[in-house]
Amino acid sequence: MADRDPIQPIHEPALAVFDEESAWVQDAADRFEGAGAQDLLEWAIETFHPRLAISAAGGVDGMVLVDMAWRIDPSIRVFTLDTGRLPPETYALFEEVRDRYGIDVEFEVPDASGVAAFQTANGPNAMYRSVDLRTSCCTIRKVEPLKRKLATLDAWIAGLRREQWVSRRNIAKVELDREHGGIVKLNPLADWTLDRVWDYIRDKEVPYHELFDHGYTSIGCSPCTRAVMPGESERAGRWWWEQDTNKECGIHCSVQLLGSKSDREKAAEARASLKEVHS
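Here the structure is a predicted model, which is why all the values come from computation and not from measurement.

Peer 1: Even after reading the chapter, I still don't get the overall build of the chain, so can you show me in this structure?
Peer 2: Scanning the chain for helices and strands turns up nine helices and six strands. Across the 279 residues in the chain, those meeting the buried criterion constitute 51%. Here the analysis covers contacts within the chain between residues at least 6 apart in sequence; of these, 68% occur between residues at least 24 apart. For the chain, the accessible area works out to roughly 13200 Å², and carbon and sulfur atoms hold 50% of it.

Printed below as a string of structure tokens:
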């Protein structure tokens, strides 16, 4: 049985979640809600390393975490989900991480047969045709590789911030990740603003993704990310062709929670159903 003392790592993350596990995670969340990101990272590294890793996708939030954690322990682990459709600037950034910090970023890739089957059946750019197809693509390229990675860890660190999007407004700094076997998920920057993130980047001269100099505010797969327009929200450039969706791929919350169709699509289907009934 996993040790549930909050200062000890959980060594069996695949076990069912028990109330007492939830309780100590809640205690940790309460304890660190008002603490600084560095304090939480220090505790996390002491508690979970080496079965702890930072998830980085190229965003400035992830780079702040890499730099901050590296200053605490240079052996910190970092992983990324290489979907096969990342912009070349993302790979250039991870080469900078290798050169600057001496960190060998762990690349997680999708199952080749799954990608091949999806593209053969639906085409390489099927994501533009419906939310269902887009989330299926995300599941194959991101969600499933993440599950495989997190099955080897006791805790992971993400660069989520509450101001990024409505679906992230209530995240805690320490969470029990029920979507991934009940391991611990840490969001040290949950209460940071984007301005504070950039202040850290500039102050510490942290490497950052080149596309941020070209109007991008969030980084994902190349076909699914664009620069934002003046006045648009931080995540407006992600899946910009979708309306009334949560701008998530499923790695930070269940795809089932997102809904497989937008509100507009659901309304259209409802109208079509009513026409069939009355025809």
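Peer 1: When you look at helix α2 (residues 37–48) in this model, what are you seeing that I'm missing?
Peer 2: Side chains of residues three or four places apart in an α-helix project in the same direction, reflecting 3.6 residues per turn. Between its first and last C-alpha, α2 extends 16 Å over twelve residues, near the 16 Å set by a 1.5 Å rise per residue. Regarding α2, the residues found buried are Ala37, Leu40, Leu41, Trp43, Ala44, Ile45, Thr47 and Phe48.

Peer 1: I'm lost on the packing of aromatic side chains in this one. Help?
Peer 2: Any aromatic ring pair is given by two values, namely how distant the centres are and how the planes are angled relative to each other. The full count for this structure, using the stated rule, is ten aromatic pairs. Between Tyr128 and Trp241 the ring centres are 4.6 Å apart and the planes differ by 75°, which places this aromatic pair in the edge-to-face class. Within this pair, whereas Tyr128 is found in the loop between α5 (112–122) and α6 (131–150), its partner Trp241 is found in the loop between α7 (194–204) and α8 (255–258), the two being separated by 113 residues in sequence. Looking at Tyr128, the relative accessible area reads 37%, which means it is partly exposed.

Peer 1: Where do I start with the packing of α5 against α6 in this structure?
Peer 2: Think of two packed helices as two axes; the pair is described by the angle between the axes and how far apart they sit. Remark: α5 packs on α6, axes separated minimally by 9 Å, with the N-to-C direction vectors making an angle of 160°. The angle between α5 and α6 falls in the class roughly antiparallel. For the pair α5 and α6, the sense of crossing is left-handed. In contact with Gly114, Val115, Phe118, Gln119 and Asn122 of α5, α6 contributes Leu133, Ser136, Cys137, Ile140 and Arg141. In the contact of α5 with α6, the residues fall into five nonpolar, four polar and one charged.

Peer 1: Hey, could you run me through the pattern of salt bridges in this one?
Peer 2: Close approach of charged atoms lets side chains of opposite charge pair. Taken as a whole and assessed by the stated rule, the structure comprises 15 salt bridges. Here Lys204 and Asp203 are joined by a salt bridge, their closest N and O atoms 4.0 Å apart. Judged by its relative accessible area of 31%, Lys204 is partly exposed. Relative accessible area serves as the criterion here: at 57%, Asp203 is assigned to the exposed category. For Glu232, the salt bridge is made with Arg226, and the minimal N-O distance between the two is 3.2 Å. Relative accessible area serves as the criterion here: at 21%, Arg226 is assigned to the partly exposed category.

Rules and cut-offs
- Residues numbered from 1 in each chain as written.
- Predicted model: local features only at pLDDT ≥ 70, side-chain atom pairs only at ≥ 80, totals over all residues.
- Heavy atoms only, no water.
- Helix = DSSP H or I, 4+ residues; strand = E, 2+ residues; numbered from the N terminus.
- Buried < 20%, exposed > 50% of the residue type's maximum accessible area, 1.4 Å probe, protein only.
- Contact = heavy atoms within 4.5 Å.
- Areas by Shrake-Rupley, 256 points an atom, 1.4 Å probe, with all protein chains shown as cover.
- Expected span 1.5 Å × (residues − 1).
- Phe/Tyr/Trp six-rings, centres within 6.5 Å; stacked < 30°, edge-to-face > 60°.
- Axes fitted to C-alpha atoms, helices over the stretch in contact; angles between N-to-C directions.
- Parallel < 35°, antiparallel > 145°, perpendicular 65-115°, else oblique.
- Left-handed = near helix turned anticlockwise from the far one by under 90°.
- Nonpolar A, V, L, I, M, F, W, Y, C, P; charged D, E, K, R; others polar.
- Salt bridge = Lys/Arg side-chain N within 4 Å of Asp/Glu carboxyl O.

Geometric values such as these leave the question of function open.
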